[in-house]
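# Descriptive analysis of the structure
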Amino acid sequence: MDKKIPKIKREKVPERDNDVSNSSSLSVSGPTIPQRPYKLAHQILSLTGINLQTKSVIGFVELTLLPQKEFRQVFLNAKQCRIYKITLNDNLELQFQYFDPTQEICSDSSTKSLEVFTPAHQEAVSSTDPDANLGELIIRIPSEAQHLMTEGRSLRIGIEFSLEQPAGGLHFVVPPGEGTLAERCAHMFSYGWENSARLWFPCIDSFSEVCTWKLEFTVDASMTAVSCGDLTEVVYTQDLRRKTFHYVLSMPTAAPNIGLAVGPFEILVDPYMQELTHFCLPPLMPFLRSTARYVHETFEFYEELLGTRYPYSFCKTVYVDVASKDCSSFSTLSIMNMELLQSTPYLEQTYTSRNVISIAVAEQFYTCFLSRQGWNDAWLTQGISSYLSGLHMKKLFGNNEYRHWIHQELDEVIKYEEEVGGIILDASKPPGSAVPTSGGGQQPIRSPDSFHFWPHSAHTVTPRHARIMRKKAHLVLRMLELRIGQPLLIQVFNKQLSLAVQASQQKCQANQWGAMLISTATFAKAIFTVTGKDIGVFVDTWVRQGGHARFQLSFVFNRKRNTVELEIRQDAASGAQPARGLRRYVGPLVVALQELDGTFRHTLQIESSVAKNDLTCHSKSRRNKKKKIPLCTGEEVDMDLSAMDADSPVLWIRLDPDMSLLRAVEIAQPDYQWQYQLRHERDVTAQMEAVTALERFATPATRLALTDIIENENCFYKVRCDAAFCLAKVANGMVSSWAGPPAMLMIFRKLFGSFSCQHIVRQNNFANFQHYFLQKTIPVAMAQLRNALGVCPQEVLRFLLDLFKYNDNTKNRLSDCWYRGALIEALGNTASPVVAVVAQSASALTPESVTKETHQVLEEVARALNLEKLLPTYKFAVTVGCLRTIRKLQKCGQLPSKSDLFKSYAQYGQFHDVRVAALEALVELVKADSRMADWEFLLDIIESDPEPRIRHELLIMLASNPPFERGRGSRLDTIPVMDRLWKLMNTELSHDAMLRNDIVDLYNCLYGRRKPPCLSGAMYQRVAEAPPTALESAEIPGLTHRDSLSHMDMEVSVPGSGFGEDGMSVASVEVVAGITKEVLVQQTVTDTESTTLDIGGFSDTSQSLPGLGVDILKKLKRKKEKKKHKHKHKHKHHREKKEKEKADKDRQKEDVTALSSESSGPPSPDMGLTF
């Protein structure tokens, strides 16, 4: 260990041997993967110096290579590691060179644009890509060792290394306080983005390079080391202060699938499955017992479904604190977030925890055991594991929950592709049969240049893109299931696993372990072998091309011919340049007609952008005849047909009801057909589509249909909850004609009111899960009701306050924490945007000045927060609701727009959900108020927060809700801010590809792909630098000149903005004889001619009072013109002006004293700059 540490030089990577392809072979179509001149057979990983206090590791690795032919260099992957010594067969010291090009992506940062960064990032990652036989660590094999290759003997390369306070790969959790590390529950665990094993030990960091493993970890006597493989022995040192855990993994495994967790864990052996062991920190054992009691059922489900046993001999689950994601899967090991632990009283957490556990077990089969060939094949392992977990979800929660999940994933994929671009799942080669366009040519593959990142590498793709890519992969596999059938698809999975198990039992020889890798080509071949069907066209259409279809369907019923004249259009995807993310679909398409005599499916052949078909109806109109109507499920129901067309037998129509395509559908049909579909269609996706469509039809019939669905006990609970929100929107649209009590009030009292007094809610009883979710949702939906003045009715507010008053959970076996959190959020929804009260500044805002309704809401929020300090709820659900309610009150102008409270809850040390809620509020505040202190607070969290997950989620929030618009001259759009983001993205996050690519997303939202506007000399900056003129420093009688034009905040130059930096001034610029003059009006409360509009203590969304701002300047101008006129007789235009001025004064008085009922919005354009 006393060897001199070689200095890391930033030199150009030397030329490769002739037998290895250079990184320049990477192209849009994917990399040409070279064949390594050796085979990795075995690897030893020994970490002997794990120190939690100093956050350091000392270790040794040994790789056993079987030469296939002669070679001179070995390329390995290693980051953050300090390499001390490399030996060959324990006796020959080797020379090496370390070079990490990702430490600084762009050496020339003059432009600081993504146009320069993206190709440089691609080149840096590609130059160390293990799939291309490249790496950061280059080891030279001397000539005296060449005879070993000739003789076919194995080469053992040993590497001594250390890690000191690693910034990624290993996460150390050392809580402050007194006591030993074990008493403080200090622990550490491995994590990373995709293949990131190189961050904590040297290896070939590729999913395609598998080998057997021997793992050794030396820790303190009070700690437990949990890793992959079978635990063979635990050896104590002579002083009994330390112990070494020895693991052996005889199943060939890739380095990215090796994980580690060290801590004072308590151990729970599953009583139903002895091979399954669970670990958690000491205080959490009761929660672990409750969470782990169903895990064995998940294993049994997959073994029965796939027809094969779990491939490993043991499986371990470890629950750790501040994990970067809910679950990280490694071979025989799953490292899970401690927040997934739950006990019986917490109902909602059960859904989340069981879904995550289901995915973790599925990934043991398809990701850890059956690995992928390369990044272009990642869609298979990710898609198959999601598909299997979906089948498990269907068994656990039912078919309705499963179809709702599919519908939700489809919507997310469509939204992302139309925003960013089509996702190509496998770009290894171009499609062999592309879909023709309307011009007769082929649909081109969407070029990676259309993205602001390189989408064909795991370390350059953004996390959002990777998440949507996983969803699309799952949907594509489900499409394949609908084409070949689920039994045959499961048989394909079984065949692949069987071949992999056979290959894993072979000794290491060339290509013997190839069956343990999956690729698009081998998957298509397996399907052909099992089913005899060639899926080449399907792969070319949906895997090797991006995008989705968008259909617009309209129809007319022809009474004479008894046919439906159908027209399906794909206008957005037609033409030479289709819309982003869209593509024209050619092929079969299913249309389902629900007629009076049943459901009839028609398969149409779509061949052009506009497809017209005539569908013959099987029924005839029988409006006056009583007869039950059969549905698609075979059920017969009674319908009230009085609302439908007397001549048409069509009740409703659906397009692609099975979601067998990646498509968006827009159906034009009258409201009564949507109402029939909502009431009587048994498919939850059809009901969800009907609920969404009925938002546009605010009629009594829609009100009745939604009410019936909410009261229907046989309807899926999520449809009922969505119908409640839809009914609130319909009620607001019918506010002038609404009769009776507020919407849903009687429904709630009927379901949950006391038998003796309905306005008092019964004691909580959440035994009926559907009633629980409905009881939690209806108050939130009712809080969105508004009367004719645009404010929440008093009856609704009293109803919500009574729910708090009479809430009783003493006899309920389930917790009501989420229910109370929802009630608090409902109180926030009652707030309506108000007009800022005249003559009231931020300093004058007191508890006495707020409205009675706001005071009641604040009392309830304060009481809940104080109670939360004494009796915290599970996951601080009530605190999260309180923070969101406070922010809603700020947005509506009923509380000062201050950020101190949210900053305190966003600090490190608070619970994760609380921090996320506070950060959401801060992101909104930064965008609304443009305060630099809040913006810098968020940037500090991005730069230095100890929790990688919080940094990731904050970056996602900022990218979805940017603090300023590109090139609009915000005070937040400064060069120092841009420099901080560029520095993070360019040099400081080489250890965390996930965070680096998150910042790429944010950087693109703020500055685009070109040079940032703040560097390009935007017009508003050039105006700011103009020298002051004499008029700028002049004072106008009666007005106070507060600042010169050169010192004005540049945000006031944005069109549509009417406020200066303090939010209280109105600027007006006049151009007189080529001279720019600035007038900044200081408004005072003297009369209606000069009225203060004070928004300093109110929200960003408070609407300005009409008649203020520029109107004042106009009136001053009128007075000046009036003095010039010396005639004593009255002209007609004098009388008109006088009458107009009097009307303006009266209107201003009314607006100042009355509360505006208009919704909040941006400042009036009249208050902007005038030229």
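Analysis parameters
Residues numbered from 1 in each chain as written. Predicted model: local features only at pLDDT ≥ 70, side-chain atom pairs only at ≥ 80, totals over all residues. Heavy atoms only, no water. Buried < 20%, exposed > 50% of the residue type's maximum accessible area, 1.4 Å probe, protein only. Helix = DSSP H or I, 4+ residues; strand = E, 2+ residues; numbered from the N terminus. Pairing = 2+ DSSP bridges. Contact = heavy atoms within 4.5 Å. Polar contact = N/O pair within 3.5 Å; in protein donor to acceptor, adjacent residues only side chain to side chain. Axes fitted to C-alpha atoms, helices over the stretch in contact; angles between N-to-C directions. Core = buried A, V, L, I, M, F, W, Y, C linked by side-chain atoms within 4.5 Å. Expected span 1.5 Å × (residues − 1). Arc of directions from axis to C-beta. Phe/Tyr/Trp six-rings, centres within 6.5 Å; stacked < 30°, edge-to-face > 60°. Lys NZ or Arg CZ within 6 Å of the ring centre and 35° of its normal. Parallel < 35°, antiparallel > 145°, perpendicular 65-115°, else oblique. Left-handed = near helix turned anticlockwise from the far one by under 90°. Nonpolar A, V, L, I, M, F, W, Y, C, P; charged D, E, K, R; others polar.

Burial analysis of strand β23 (residues 549–558) places 8 of its 10 residues in the buried class, the great majority of the element. As paired elements, β23 and strand β31 (residues 663–668) share 6 bridges and run parallel to each other. If you follow L553 over to β31, its bridge partner there is I667. Between β23 and strand β24 (residues 563–569), which pair antiparallel in sequence order, lie 4 residues; one of them, N562, sits at a positive phi of approximately 55°.

Of note, S385 is situated in helix α6 (residues 378–397). According to the relative accessible area criterion, S385 is buried, its value standing at 0%. Setting aside its immediate chain neighbours within four residues, S385 contacts A362, E363, Y366 and R470. Within the local environment of S385, its side chain forms a polar contact with the backbone oxygen of T381, the two atoms lying 2.9 Å apart.

A few words on the sheet that holds strand β16 (residues 266–269). The 5 strands are arranged β16-β17-β18-β20-β19 in an open sheet whose pairing can be described as mixed. At either margin of the open sheet sits one strand with a lone partner, and together these are β16 and β19 (327–330). Pairs of neighbouring strands in the sheet enclose a mean axial angle of 15°, with direction left out of account.

This next bit is on the environment of M188. Tracing the backbone shows M188 in strand β10 (residues 187–190). A C-alpha to C-alpha distance of 8.4 Å links M188 and V174, two positions 14 residues apart in sequence. Non-local contacts of M188, meaning those with residues more than four positions away in its chain, are made with L52, L170, H171, F172, L260, A261 and V262.

Ranked by internal contacts, the top residues of the largest apolar core, which has 310 residues, are F201, F523 and M744. If near-sequence neighbours (up to four positions away) are discounted, F201 is found in contact with Q43, L45, V61, N77, C81, F161, W213, A255 and I258. Ranked by size, the runner-up nonpolar core spans 11 residues in total, among them V637, L641, L651 and Y672.

Look at helix α10 (residues 520–531): 16 Å from first C-alpha to last across 12 residues, which is about the 16 Å you get at 1.5 Å a residue. What α10 keeps buried is the set T520, F523, A526, I527 and T531. Axial view of α10: buried residues confined to an arc of 125°, hence all on one face. Residues of α10 that are exposed and angled more than 90 degrees away from the buried face: A521 and K525. Those residues of α10 that are buried lie in contact with α6, α8 (463–484), α9 (486–504), β22 (517–518) and α11 (536–542).

Before going further, it helps to examine the side chain of K472. Examined against the element boundaries, K472 turns out to sit in helix α8. Residue classification places K472 among the buried positions, given a relative accessible area of 0%. Excluding residues within four positions of it along the chain, K472 makes contact with V413, E417, I423, L425, W542, Q545, G546, G547 and L662.

On to the packing of aromatic side chains. Overall, the coordinates contain 34 aromatic pairs when judged by the stated rule. Aromatic side chains Y312 and F369 sit 5.9 Å apart centroid to centroid with 85° between the ring planes, which places their arrangement in the edge-to-face category. Of this pair, Y312 sits in the loop between α4 (295–306) and β18 (315–320) while F369 sits in helix α5 (residues 347–369), and the two are 57 residues apart along the sequence. Residue Y312 shares its accessibility class with F369, and that shared class is buried. On the numbers, 6.5 Å between centres and 85° between planes, the contact of Y346 with W818 is edge-to-face. Separated by 472 residues along the polypeptide, Y346 in the loop between β20 (333–337) and α5 and W818 in helix α19 (residues 817–829) bring together distant segments of the chain. By way of ring pairs, the aromatic residues Y351, F397, F716, Y717, F766, Y772, F773 and Y819 are connected into one cluster. Here the basic side chain of R354 rests over the ring of Y294, its NZ or CZ set 4.2 Å away from the ring centre. Above the plane of the ring of W542 lies R583, whose end atom (NZ or CZ) is 5.3 Å from the centre.

Where burial is concerned, the two faces of β19 agree: the one with C327 and S329 and the one with S328 and F330 are both buried. Following β19, the chain reverses through 2 residues before pairing antiparallel with β20; T332 in that reversal takes a positive phi of roughly 65°.

Where helix α18 (residues 794–805) contacts α19, the axes come no closer than 10 Å and their chain directions differ by 155°. By the angle between their axes, α18 is roughly antiparallel relative to α19. Between α18 and α19 lies a crossing of left-handed hand. In this structure, α18 uses L797, L800, L801, L803 and F804 to contact α19, whose residues at the interface are Y819, R820, L823, I824, A826 and L827. Of the residues that constitute the contact of α18 with α19, the class distribution is 10 nonpolar, no polar and 1 charged.

All right, on to the sheet that holds strand β4 (residues 82–88) then. Sheet architecture is open: 8 strands sit in the order β5-β4-β8-β2-β1-β11-β14-β13, paired in mixed fashion. The outermost strands of the open sheet, each flanked by one partner alone, are β5 (92–93) and β13 (230–236). The pairing of β4 with strand β8 (residues 155–164) spans 6 bridges and is antiparallel. Paired with T87 across the strands is G158, a residue of β8.

Although it is not a glycine, K55 sits at a positive phi angle of roughly 55°. Positionally, K55 belongs in the loop between β1 (38–47) and β2 (56–67). Under the relative-accessibility criterion, K55 is labelled partly exposed at 32%. You will see that E194, though not glycine, has its phi angle at about 55°, which is positive. When you line up the elements, E194 lands in the loop between β10 and β11 (210–220).

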